[in-house]
Amino acid sequence: MPLANQIAIVTGASRGIGRAIALKLASQSATVVAVARSQERLANLAQEASQAKISGTIVPRVLDLSQRVDVDAFVEQVAEEFNRIDILVNNAGITRDGLLLNMEDEDFEIVLTTNLRSVFWLTRSVSRYMVRGRYGRIVNIGSVSGIMGNPGQSNYAATKAALMGFSKTVAKELARRNVTCNVVAPGFIATDMTAVLPDKYKESLKPLIPCQKFGEPDDIAGAVAFLASPAAGYITGQTLAVDGGLSM
Ligand code: NAP
């Protein structure tokens, strides 16, 4: 079990991609602190994990990352409870789509805070423990929108592109301490986030994807689990597109 005795924090773990990541890491024996706003969904996740008799554990923690919450206190609590933090997966993210000419300040701001500022707060805080422990794996969830741009997503694409520059810099700063930082950039994945898109639009996208279909949350979870594992120690500062070939 590659993640035995490891402690992971996964944000946005109550649904979709984050949920799949949390279950994948727990299935490889990690103790996963699962973060989101919905206590009920997190409790269901923890219950599902314990009923599935997987070797790891899910520990639910409610935190709203759209606001300047006390991330340091949260991270300190995790470190005190478990003595270490080995893996951080910054996955929580939202969209507030709209064309640039109509985009409201609030729609830009809330996407910026949830998708980018919270990543800065958590990464800064968790890095202190990783540097001290001389080990760490940080995986940030980007998007093909950050690589290619996407009409209606100037706010979202800006945050996802920023994650790549942020991650390369963190990677350069922390490499000597055996802490890696990479980005996984999903294409279109079947979750609540894409369920709201009109069917006609979704069908029009499929011919643009070389694999001709949307991905599943597990497709992303597999890539994240690899980059979060000890086996990926010589990979840092990279963006891995998991998008059925869309961004090639
Ligand atoms: P999703 O189904 O909408 O789930 C989003 C997750 O983030 C939920 O667990 C949600 O939990 C959590 N979250 C949202 N706002 C939060 C907040 N303020 N504080 C804490 N947690 C919050 O989205 P998804 O499709 O799984 O996306 C996951 C990540 O992949 C995102 O970063 C997204 O940008 C990225 N991505 C997705 C796709 C795709 O096609 N689905 C493509 C490219 C990139 P609560 O509601 O319980 O808080």
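Quick note: structure is the one above.
K.L.:
Would you mind showing me how to read the environment of Ile-94 here?
P.N.:
As for its position among the elements, Ile-94 is in the loop between β4 (87-90) and α4 (105-133). Judged by relative accessible area, which is 14%, Ile-94 ranks as buried. Taking the C-alpha atoms as reference points, Ile-94 and Gly-12, separated by 82 residues in sequence, lie 9.7 Å from one another.

K.L.:
When you look at the pairing of strand β5 (residues 136-141) in this model, what are you seeing that I'm missing?
P.N.:
Side-chain positions along a regular strand alternate between the two faces of the sheet. Along β5, six of the six residues are buried, which leaves the element largely enclosed by surrounding structure. Alternating positions in β5 separate into two faces, Gly-136, Ile-138 and Asn-140 on one and Arg-137, Val-139 and Ile-141 on the other, with burial throughout. For β4 and β5, the ladder comprises four bridges, and the chain directions are parallel. When the sheet's bridge partners are listed, Asn-90 is paired in β5 with Asn-140. What joins β4 to β5 is α4, and the crossover it makes is right-handed. Pairing of β5 with strand β6 (residues 179-186) involves six bridges; the strand directions are parallel. Note on β6: the bridge partner recorded for Arg-137 is Thr-180.

K.L.:
Can you help me understand the sheet that holds β6 in this one?
P.N.:
Pairing between the strands of a sheet comes from backbone hydrogen bonds, and it takes one of two forms, parallel or antiparallel. Read across the open sheet, the seven strands follow the order β3-β2-β1-β4-β5-β6-β7; overall the sheet is parallel. What marks the edges here is a single partner per strand, and that holds for β3 (57-62) and β7 (239-242). Neighbouring strand axes in the sheet, compared pairwise and without regard to direction, differ in orientation by 20° on average. Two elements, strand β1 (residues 7-11) and strand β2 (residues 31-36), share five bridges in a ladder whose sense is parallel. Paired with Ile-9 across the strands is Val-33, a residue of β2.

K.L.:
Help me understand the nonpolar core, please; the structure alone is not making it clear to me.
P.N.:
The tendency in soluble globular proteins is for nonpolar side chains to be buried as a group. In this structure, Ile-21, Leu-25, Val-32, Ile-58, Val-89, Val-184 and Val-224 are the most contacted members of the largest nonpolar core, which totals 34 residues. For this core, the secondary structure elements donating two or more residues are β1, α1 (16-27), β2, α2 (39-51), β4, β5 and α9 (217-227). Those residues within four positions of Val-89 in sequence are excluded, and the remaining contacts are Ile-9, Val-10, Thr-11, Ile-21, Leu-25, Val-139, Ile-141 and Val-224.

K.L.:
Help me out: how do you make sense of the packing of aromatic side chains in this one?
P.N.:
Each pair of aromatic rings is reported with the distance of its centres and the angle of its planes. Counting across every chain of the model gives one aromatic pair. The ring centre of Tyr-129 lies 5.1 Å from the NZ or CZ of Arg-132, which sits over that ring.

Parameters and conventions
Residues numbered from 1 in each chain as written. Predicted model: local features only at pLDDT ≥ 70, side-chain atom pairs only at ≥ 80, totals over all residues. Heavy atoms only, no water. Helix = DSSP H or I, 4+ residues; strand = E, 2+ residues; numbered from the N terminus. Buried < 20%, exposed > 50% of the residue type's maximum accessible area, 1.4 Å probe, protein only. Pairing = 2+ DSSP bridges. Right-handed = clockwise from strand over helix to strand, strands pointing away. Axes fitted to C-alpha atoms, helices over the stretch in contact; angles between N-to-C directions. Core = buried A, V, L, I, M, F, W, Y, C linked by side-chain atoms within 4.5 Å. Contact = heavy atoms within 4.5 Å. Phe/Tyr/Trp six-rings, centres within 6.5 Å; stacked < 30°, edge-to-face > 60°. Lys NZ or Arg CZ within 6 Å of the ring centre and 35° of its normal.

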